[in-house]
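# An overview of the molecular structure
Now for the letters of each chain:
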Amino acid sequence: KVNILIIAAVICTILITAVVLAKTSKLNFAMISAMSLLSAGMTLNTFERIHNGFVVDYLYFTFFEEFPVFNIPDIMIVLGAFMLIVSISASTRIE
């Protein structure tokens, strides 16, 4: 089970990089930062899964009812995905 998740994380990282490189003619700072955040978040979660056998979620906020528990790599993945979507849509509008 862990090996499949590791392989999936590596494949996702490669696919995201390939799609961004194929869809954009110029990489800007936002795209490079977004891809770095995505890769780092996926890598950190993968390392934690290898080490522990699961990912530890430790950020719990009580001011929202039923708000999900998450960790720093999750934040990196969500922020990177958002930045990537915004930067790709902005660059395709300009071209």
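Scroll up a little and you will see the structure.
As a starting point, this report considers the structure included with it. (Residues numbered from 1 in each chain as written. Predicted model: local features only at pLDDT ≥ 70, side-chain atom pairs only at ≥ 80, totals over all residues. Heavy atoms only, no water.)

Turning to the overall build of the protein, a few remarks are in order. Helices and strands together make up the secondary structure of the protein, namely three helices and zero strands. Across the protein, helices and strands are ordered from the amino to the carboxyl terminus as α-α-α. The principal-axis extent of the C-alpha atoms belonging to the protein is close to 45 × 35 × 20 Å. Here the protein, with 95 residues, has 24% of them falling under the buried criterion. Restricting to contacts in the protein with at least 6 residues of sequence separation, those with at least 24 account for 61%. Carbon and sulfur atoms make up 73% of the accessible area of the protein, which amounts to about 6,700 Å² in all. For the protein, the separation between the mean place of its 5 positive charges and that of its 6 negative charges on side chains is 16 Å. (Helix = DSSP H or I, 4+ residues; strand = E, 2+ residues; numbered from the N terminus. Buried < 20%, exposed > 50% of the residue type's maximum accessible area, 1.4 Å probe, protein only. Contact = heavy atoms within 4.5 Å. Areas by Shrake-Rupley, 256 points an atom, 1.4 Å probe, with all protein chains shown as cover. Lys, Arg positive; Asp, Glu negative; His and termini not counted. Charge placed at Lys NZ, Arg CZ, Asp CG, Glu CD.)

Right, let's talk about the nonpolar core for a bit. Across soluble globular proteins, nonpolar side chains have a tendency to be buried as a group. Formed by V20, M31, A34, M35, L38, M42 and L84, the largest nonpolar core amounts to seven residues. Among the elements that take part in this core, helix α2 (residues 29-52) stands out by supplying five residues, more than any other. Contacts of L38, omitting those with residues within four sequence positions, involve I16, M76, I77, G80, A81 and L84. (Core = buried A, V, L, I, M, F, W, Y, C linked by side-chain atoms within 4.5 Å.)

Here M35 is to be found in helix α2. Owing to a relative accessible area of 13%, M35 belongs among the buried residues under this scheme. Each C-alpha atom, one on M35 and one on F63, is 31 Å from the other, the two residues being 28 residues apart in sequence.

Turning our eyes to something else, we now look at the environment of L59. Along the chain, L59 turns up in the loop between α2 and α3 (72-94). Here L59 is in contact with P68, V69, F70, N71, I72 and I75, once residues within four sequence places are set aside.

Turning next to the side chain of S33. Note on placement: S33 falls in helix α2. Within the local environment of S33, its side chain forms a polar contact with the backbone oxygen of F29, the two atoms lying 2.8 Å apart. (Polar contact = N/O pair within 3.5 Å; in protein donor to acceptor, adjacent residues only side chain to side chain.)

Tracing the backbone through its elements, the reader meets E48 in helix α2. Buried and without a salt bridge, E48 has R49 as its closest oppositely charged side chain, separated by 8.5 Å. Once residues lying within four places of it in the same chain are set aside, the contact partners of E48 are G53, F54, V55, V56 and N71. (Salt bridge = Lys/Arg side-chain N within 4 Å of Asp/Glu carboxyl O.)

Below, the discussion takes up the environment of P68. Take P68: it is sitting in the loop between α2 and α3. When the C-alpha positions of P68 and D57 are compared, they lie 9.3 Å apart, and in sequence the two are eleven residues distant.

Turning our eyes to something else, we now look at α2. Between the first and last C-alpha of α2 there are 34 Å, a value that for 24 residues agrees with the 34 Å anticipated at 1.5 Å per step. Looking at α2, one finds that the buried residues are M31, S33, A34, M35, L38, G41, M42, N45, T46 and E48. Among the residues of α2, the N-terminal cap falls to N28, whose side-chain oxygen and the backbone nitrogen of A30 are separated by 3.2 Å. G53 lies just past α2 and shows a positive phi near 90°. (Expected span 1.5 Å × (residues − 1).)

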